[in-house]
Amino acid sequence: MWMLRNTQTGQAHPVSEGGLRIGRAAGNDLVLADEEASRYHATVWVYGGQAYIRDENSTNGTWVNERRLTAPTSLRPGGRIRLGKTVLELMRGEAGATVAMPGVAYPSPAALYPAAPPAAPSLPQRSRLPLIMGLGGIKNTNGKDAPVALTRAVIAPGPWGRNAG
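Now for a quick tour of the structure. (Residues numbered from 1 in each chain as written. Predicted model: local features only at pLDDT ≥ 70, side-chain atom pairs only at ≥ 80, totals over all residues. Heavy atoms only, no water.)

With respect to the sheet that holds strand β1 (residues 2-6)
- On the basis of which strands lie adjacent, the open sheet formed by 6 strands has the order β2-β1-β11-β10-β7-β8 and antiparallel pairing. Strand pairing shows two members of the sheet lacking a second neighbour, β2 (12-15) and β8 (67-68), which therefore form its edges. (Pairing = 2+ DSSP bridges. Helix = DSSP H or I, 4+ residues; strand = E, 2+ residues; numbered from the N terminus.)

Listed below in structure tokens is the structure:
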């Protein structure tokens, strides 16, 4: 497990394969209180067990071991990343290590895993009552339209609409 440790505060932040977005904006995974950092400054991610960093077109640049990034770069344990005035150190943590993240409220297990969803509604029972429809064109003996009783309707495709051939 890779982690970034803020050298000023000592806080450690895990880096996953999904990446860790860093910057001043609230939508980042790691929000910096540094006026010299850009809103969306850099992204650090892990691929194939190796950590990488990419500058996100920041104003003041992203620096690794005091070299300005010009392209995505691989990182090594102990490497120092500077974004504005903030310095982060890349650390390799042990699998299963606990990382303290002050200020993060974790949801309760009940919120993450609610009770089983309700069962799907059952299909309505087929009515035993006949379906009464008035159909024009069917006349009874007195010349008026006669209602027709259906107990089952079957709709089957007809030859219309298909290309003969």
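A short note on the pairing of strand β5 (residues 42-47)
- By the criterion of burial, β5 is predominantly enclosed, with 5 of the 6 residues buried.
- For strand β3 (residues 20-23) and β5, the ladder comprises 3 bridges, and the chain directions are antiparallel. Across the sheet, residue I22 finds its bridge partner in β5, namely A42.
- One ladder, built from 6 bridges, connects β5 with strand β6 (residues 50-55); its direction is antiparallel. Each residue of the ladder has a partner; that of A42, found in β6, is D55.
- In this structure, the hairpin formed by β5 and β6 is closed by a connection of 2 residues, where G48 is found at a positive phi of approximately 60°. (Buried < 20%, exposed > 50% of the residue type's maximum accessible area, 1.4 Å probe, protein only.)

Thoughts on the packing of aromatic side chains
- Throughout the structure, instances matching the rule amount to 1 aromatic pair.
- Ring centres 5.7 Å apart and planes at 20° place the aromatic pair W45 and Y52 in the stacked group. (Phe/Tyr/Trp six-rings, centres within 6.5 Å; stacked < 30°, edge-to-face > 60°.)

Side note on the pairing of β6
- Both β6 and strand β9 (residues 73-74) contribute to a ladder of 2 bridges, which runs antiparallel. Counterpart to I53 in the pairing with β9 is T73.

Regarding the nonpolar core
- Ranked by internal contacts, the top residues of the largest apolar core, which has 20 residues, are L4, I22, V44, I53, L75 and I81.
- Broken down by secondary-structure element, the contributors of at least two residues to this core are β1, β3, β5, β6, β10 (80-83) and β11 (86-92).
- Considering every element that reaches this core, the biggest residue donor is β5, with 3 residues.
- In contact with L75, other than residues within four places in its own chain, are V44, Q50, A51, Y52, I53, V64, I81 and L90. (Core = buried A, V, L, I, M, F, W, Y, C linked by side-chain atoms within 4.5 Å. Contact = heavy atoms within 4.5 Å.)

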